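# Descriptive structure summary
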Amino acid sequence: MADITKYRIHQIVDNGTIVQISLAEDVQTEPISQKQMILDSVAKKLDPELKEQVQPLLEAILGAQPTVKIKTYDQTTISITMPKVRYERLGRPQVGDVLEITLRK
């Protein structure tokens, strides 16, 4: 069974005879703040009545903390080394371009 995933090129190293391409999975993620993750976690653990009592206090405490944005998805990265001729046959993709990679067992 094949799994086709799109990867965005992050780096290209060309030494003349071979080309090394570093790719990361092309996934659009929305950053989530650490504050929001804590509020969501507490909301899941508490019953509604207790949540109403604790929520304002927790928001006041966390409001004074700096907001740290966290990505919510760990991306797969791939590094490919190929002859320059093959790279040119691919159309000489550049940084930021998207490639489809097929993985099979």
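Residues numbered from 1 in each chain as written. Predicted model: local features only at pLDDT ≥ 70, side-chain atom pairs only at ≥ 80, totals over all residues. Heavy atoms only, no water.

### Brief notes about the nonpolar core
What counts is decided by this rule: Put simply, buried Ala, Val, Leu, Ile, Met, Phe, Trp, Tyr and Cys residues joined by side-chain atoms within 4.5 Å make one nonpolar core. Only protein chains enter the accessibility calculation, which uses a 1.4 Å probe; a residue is then buried when its area is under 20% of its type maximum, exposed when over 50%, and partly exposed in between. Secondary structure elements follow DSSP: runs of H or I of four or more residues count as helices, runs of E of two or more count as strands, with numbering from the N terminus.
Grouped together as the largest cluster of nonpolar side chains are 10 residues: Y7, I9, V19, I21, L23, I78, M82, Y87, L99 and I101. Among the elements of the structure, β1 (3-14), β2 (18-25), β5 (77-83) and β6 (98-103) are those that each provide at least two residues to this core. The biggest single contributor to this core is β2, with 3 residues.

### Examining unusual backbone geometry
Here the phi dihedral of R92 falls at roughly 50°; this positive angle occurs in a residue that is not glycine. Locating R92 in the fold gives a position in the loop between α3 (84-89) and β6.

### Concerning helix α2 (residues 48-63)
The cut-off we apply is this: One less than the residue count of a helix, multiplied by 1.5 Å, gives the span that helix is expected to have. The angle separating two fitted axes, one through the seven residues that finish at a residue and one through the seven that start at it, defines the bend at that residue.
Taking 1.5 Å of rise per residue, 16 residues should cover 22 Å, and α2 covers 22 Å from first to last C-alpha, within 8% of that figure. Along its length, α2 reaches its greatest deviation from straightness, about 35°, at V54, and the proline P56 lies no more than four positions downstream. Among the residues of α2, those classed as buried are Q55, L58 and L62.

### Points about the environment of M82
By the secondary structure assignment, M82 is in strand β5. Along the primary structure M82 and K6 are separated by 76 residues, whereas in three dimensions their C-alpha atoms are 19 Å apart.

### So, the pattern of salt bridges
This is how the line gets drawn: The working definition used for a salt bridge is a side-chain nitrogen of Lys or Arg within 4 Å of a carboxyl oxygen of Asp or Glu.
For the structure shown, the criterion picks out 3 salt bridges. In this structure, the salt-bridge partner of D26 is R8, at a minimum N-O distance of 3.1 Å. Here D26 is found in the loop between β2 and β3 (32-33), whereas its partner R8 is found in strand β1, with 18 residues between them in sequence. Residue R8 is classed as partly exposed on the basis of its relative accessible area, which comes to 29%. In this structure, E88 engages R92 in a salt bridge whose closest nitrogen and oxygen atoms are separated by 3.5 Å.

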